[in-house]
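Breakdown of the fold
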Amino acid sequence: MSENIGFVSTRFAGTDGVSLESAKWAKVLWDHEFRSFWYAGRLDRAPDVSYCVPEAHFEHPENVWINERIWGKTFRDPVVSRRIRDMAEYLKTTLYEFVNRFDLRILIFQNSLTIPMHVPLGVAITEFLAETRIPSIAHHHDFFWERVRFSVNGVPDFLDMAFPPRDDELQHVVINQAAREELSWRKGLSSELIPNVFDFETPPPQPDEYTKGLRADLGFAEDDILILQPTRIVPRKGIEHSIKLLETLNDPRMILVISHAGGDEGYEYQHMLEELAHDSGVKLRIIDDRIGEIRQKNSKGQKIYTLWDLYPFVDFVTYPSLYEGFGNAFLEAVYFKLPILINRYSIFARDIEPKGFRVPLMDGYLTKEVVDDVRRLLDDPVYRKVTVEHNYAVANRFFSYSVLRRSLRTLITNIKGLET
């Protein structure tokens, strides 16, 4: 029977992991005849299925004011407590309106009960659930205890209450085994593990008329070897290892291409990387000004490409992250049948590596064997094809929509059973 499902978060817009995974869930649920509706402070979904509440966005001025007074503090002023509760009370009324407007039967909270970037929204959701008992799923991507910036705070009571809440009828979903264990240990809550997925049952899109001449348009020569770092420039991405790789490979045709800028954590790391690349004789190009969330033209009349437009035109992917909640960039590289270098961050080592992927694998530092494997993947087309085809087949088995489809069918059945 077709039913209406509501997705709730601070933002459903752009290419962040929460927005992307939510869209995948909605697509799979649509296949089961569930209609999806969206609540957030910023939205790029269709207006007729959206309910935008600007106050729900983590960058809303009131929430920014609150955050400035609760993080890095060991106490809070009574005025802060009052404003958290006032905002939570208002947001709770909008949740009631969202459910009533679209006749929603199930809610899915996407990271809004997980990472406390918007404490009032988490409080509002928790109270709303206590008052309505509506069947719900909390999809957790990254918990506050996984982020150093939330370790010192003036809101331990709200964190204990709402991130996530201890609600017997709320079904929790995590994206890796470590999070599952931590949630059980810290909160006494059971959860289902559903990894991030890709539509491996559908072949990757091929270049089209829009991307014709992409390399030349971005200023690359035909014989340049493009090594893509498809991440933001933040320290946990370990991009200095990518520079070291190119320095060791020592091929003047190679260019390290970084798709996204830094900025949200400062520019010191980016400046360090630029100096390191210069001193190492490595060509480095940051092309964030030409990569966007949608295809369009900039103020100069130049084409803006998406990351997916870029993948078919690169030769290799580097992903030497120190930490990831899962690793969408890894699945994207496998989906586009590109070889990829991985640093064995803990979630990869535990949840992904045992599946049997064949990738150059560093363990905190580059070895001669790893560099030689990268060189062979670049130079030997037969070895490269066998490797990427194998990885695609493994991903199709463990991280495809069919895996998500089975998991969501079980989840929906379970929460509907709780309702009855």
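Going by the structure above, here's the rest.
As the structure is a prediction and not an experimental result, all values here were calculated from the model.

What counts and how
Residues numbered from 1 in each chain as written. Predicted model: local features only at pLDDT ≥ 70, side-chain atom pairs only at ≥ 80, totals over all residues. Heavy atoms only, no water. Pairing = 2+ DSSP bridges. Helix = DSSP H or I, 4+ residues; strand = E, 2+ residues; numbered from the N terminus. 1 Å grid on protein atoms, 1.4 Å probe; cavity = no way out; pocket = protein on both sides within 12 Å on 5 of 7 lines; lining within 4 Å. Points joined across faces, edges and corners; volume = space filled by probe spheres on them. Nonpolar A, V, L, I, M, F, W, Y, C, P; charged D, E, K, R; others polar. Buried < 20%, exposed > 50% of the residue type's maximum accessible area, 1.4 Å probe, protein only. Axes fitted to C-alpha atoms, helices over the stretch in contact; angles between N-to-C directions. Parallel < 35°, antiparallel > 145°, perpendicular 65-115°, else oblique. Left-handed = near helix turned anticlockwise from the far one by under 90°. Contact = heavy atoms within 4.5 Å.

**Let's talk about the sheet that holds strand E15 (residues 316-319)**
Strand order across the open sheet formed by six strands is E12-E11-E10-E15-E16-E17, with parallel pairing between neighbours. Sheet topology places strand E12 (283-286) and strand E17 (361-362) at the edges, where each strand pairs with a single neighbour. As defined by bridge partners, strand E10 (residues 225-229) adjoins E15 across two bridges and the pair is classed as parallel. Looking at E15, one finds that Leu 228 is bridged to Val 317.

**A look at empty space enclosed by the protein**
Counted according to the given criterion, the structure contains two cavities of 30 Å³ or more. Computed from the structure, the largest cavity encloses a volume of approximately 40 Å³. Lining the largest cavity are Leu 129, Arg 133, Ile 134, Ser 136, Asp 167, Glu 169 and Leu 170. Along the lines of polarity and charge, the residues of the lining of the largest cavity split into three nonpolar, one polar and three charged.

**Considerations on the environment of Ile 255**
Structurally, the position occupied by Ile 255 is in strand E11 (residues 254-258). Judged by its relative accessible area of 7%, Ile 255 is buried. When the C-alpha atoms of Ile 255 and Leu 284 are compared, they prove to be 5.8 Å apart, with 29 residues separating the residues in sequence.

**Remarks on the packing of helix H3 (residues 78-102) against helix H4 (residues 119-132)**
Between H3 and H4, the least distance of the axes is 8 Å, while the angle of their chain directions is 55°. In this view, H3 runs oblique relative to H4, as classed from their interaxial angle. For H3 against H4, the interelement crossing comes out right-handed. Of H4, the residues touching H3 (which contributes Ile 84, Arg 85, Met 87, Ala 88, Glu 89, Leu 91, Lys 92, Leu 95, Tyr 96 and Val 99) are Val 119, Pro 120, Leu 121, Val 123, Ala 124, Ile 125, Glu 127, Phe 128, Glu 131 and Thr 132. Tallied by class, residues from the contact of H3 with H4 come to 14 nonpolar, one polar and five charged.

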